[in-house]
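# Inside the fold
Letter by letter, the chains look like this.
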Amino acid sequence: MKLHIGLDDTDSPHGGCTTYIAALLVEKLHKLGASFSDYPGLVRLNPNVPWKTRGNGALCLRIICEEHLQEDLKECVIRTVEEHADFSYKGTDPGIVFLPGDVPSEIEEFAKRAIIGLVEKDEALSLIKKYNAEALGFKRGRGIIGGLAAIGEQLKSDYTYELIAYRTSENRGTPRRINASSVIEMDRKLGQLVFSNVDYETGRILITPRGPDPVLYGIRGETAEAVRLGHELVVSEEPIERWVIFRTNQGTDAHLRRAVSISEVKPYSPVIVSGEVSENPRVIKGGHVIFKVRDETGEIDCAAYEPTGALREAAKKLTRGDFVEVYGGVRPASPANPMTINAEKIRVLRLAPLRVCQNPLCPLCGKRTKSMGRGKGFECKKCGFHSRSLRKIVIEKERQLKLGLYVTSPRSQRHLTKPLSRYGQEKRGISNHIDGIIPYEKISSC
Ligand SMILES: [Zn+2]
């Protein structure tokens, strides 16, 4: 029989990681006799939900097992979550969902909405009841939402892979010891097959997280083979407890939906809007750049934040009349600010001419004249020529901005943001491994 296991919200800023629980389960369930019909799924949900500050990732394991094993397997999942979830943290509300059989389309749709917008726990519970799934919520049990969404998101369109390597328990909480030049070498060697491993603007290595969680590093790439090869090329100066390859919606822009019009943009739902820049950008305290975009239905503030390097530089060079697409999360209005799109990407589709007025040149000596004041004409300081009939001239200045797509720097990209390097590499339709069996050795090692 087929069984889908969804997990969410077991970690906290103090440690733990739901991917680690999934990694432990891959080994445990395999030992109990389960086979895997897919790579473990790491599904990033809407990063703009108000109650989440971290990566908002939910996990799914899809297994095939003999029916009589089912209860033992479920028991093992529950016990492992109980042992490893951080119950002490106030905002951690673990959830586990078990769904037998195939994934109904209604649960697929629920998952899509959990990625692009907001869904309620009651809705999750009624789907669980309707389709004979089982759910276990600890504390407030908000993790049930993510658990069900992870089951529903079967990554049938674009997807990527991440190999996550975990630290041994004695090293957790200490600085991670990875040979940085081996990461750069790996990234160069694998080229387009991997992404978001190095931020070349700053030279920073991006595969290692910070903080006390058990993740040593994660390598992102286009194929399972590529991330596994990446793992072999990275030199770790500390032992690795285990690694697992996840199939994921990271780096696919799955959270962004094109808004029909600016007036329909809603807080917390990431969007793509298009319109004309209606107010020149201004730089506010902290170096953030704010500009306005307008269409026939309305106008909205857009922000490019300081750490977003190339994106912020492009935003600064926009001018009234430029036609752009802005991609990003939507922050609700506050007493201090109107509703604002936090830009992750800007596509410049049309540049308005940038016209500036200049004083005319002196007809005698060619020097630029000075204005004598409104209606009083122009005077040449060099030769003394004066005329009331000279007029200001309008010249078109060359734009410093080029048409095209500008993306936040890798170091400040969200998990879901599709990096520039992935454009053109999007996968269409699912590869053949769903409904097949993936050998444990291909998914995981410990
Ligand atoms: Zn002159």
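What you are looking at is a predicted structure, and each value in this text was computed from that prediction instead of being measured. (Residues numbered from 1 in each chain as written. Predicted model: local features only at pLDDT ≥ 70, side-chain atom pairs only at ≥ 80, totals over all residues. Heavy atoms only, no water.)

### Observations regarding a negative patch on the surface
A cluster of acidic side chains, namely D72, E75, E82 and E83, defines a negative patch on the protein surface. Of note, E83 is situated in helix α2 (residues 70-84). (Patch = residues over 30% accessible without salt bridge, like charges linked within 9 Å, V, L, I, M, F, W, Y side chains within 5 Å. Areas by Shrake-Rupley, 256 points an atom, 1.4 Å probe, with all protein chains shown as cover. Salt bridge = Lys/Arg side-chain N within 4 Å of Asp/Glu carboxyl O. Lys, Arg positive; Asp, Glu negative; His and termini not counted. Charge placed at Lys NZ, Arg CZ, Asp CG, Glu CD. Helix = DSSP H or I, 4+ residues; strand = E, 2+ residues; numbered from the N terminus.)

### Quick word on the packing of aromatic side chains
By the definition in use, this model includes three aromatic pairs. Ring geometry for Y159 against Y161: centres 5.9 Å apart, planes inclined by 80°, an arrangement best described as edge-to-face. Accessibility expressed as a relative area gives 5% for Y161, which makes it buried. Taken together through their ring pairs, the aromatic side chains of Y39, Y159 and Y161 make up a single cluster. Above the face of the F98 ring, K74 is positioned so that its terminal group lies 5.6 Å from the ring centre. Here the guanidinium or amino end of R247 rests over the ring plane of Y159, the centre of that ring lying 4.5 Å away. (Phe/Tyr/Trp six-rings, centres within 6.5 Å; stacked < 30°, edge-to-face > 60°. Buried < 20%, exposed > 50% of the residue type's maximum accessible area, 1.4 Å probe, protein only. Lys NZ or Arg CZ within 6 Å of the ring centre and 35° of its normal.)

### Some points on the packing of helix α1 (residues 18-31) against α2
The geometry of α1 relative to α2 is characterised by a closest axis approach of 10 Å and an angle of 145° between their N-to-C directions. Considering only the axes of α1 and α2, their crossing is right-handed. Only L73, C76, V77, T80, V81, E83 and H84 of α2 make contact with α1, whose side of the interface consists of Y20, I21, L24, L25, K28 and L29. (Axes fitted to C-alpha atoms, helices over the stretch in contact; angles between N-to-C directions. Left-handed = near helix turned anticlockwise from the far one by under 90°. Contact = heavy atoms within 4.5 Å.)

### As for the packing of helix α3 (residues 105-116) against helix α4 (residues 121-130)
Running from N to C, α3 and α4 cross one another at 160°; their axes reach a closest spacing of 11 Å. The orientation of α3 relative to α4 falls into the category roughly antiparallel. Relative to α4, α3 is oriented so that their crossing is left-handed. Here E106, I107, F110 and R113 of α3 lie close against α4, whose contacting residues are E123, A124, L127 and K130. Looking at the contact of α3 with α4 residue by residue, the classes come out as four nonpolar, no polar and four charged. (Parallel < 35°, antiparallel > 145°, perpendicular 65-115°, else oblique. Nonpolar A, V, L, I, M, F, W, Y, C, P; charged D, E, K, R; others polar.)

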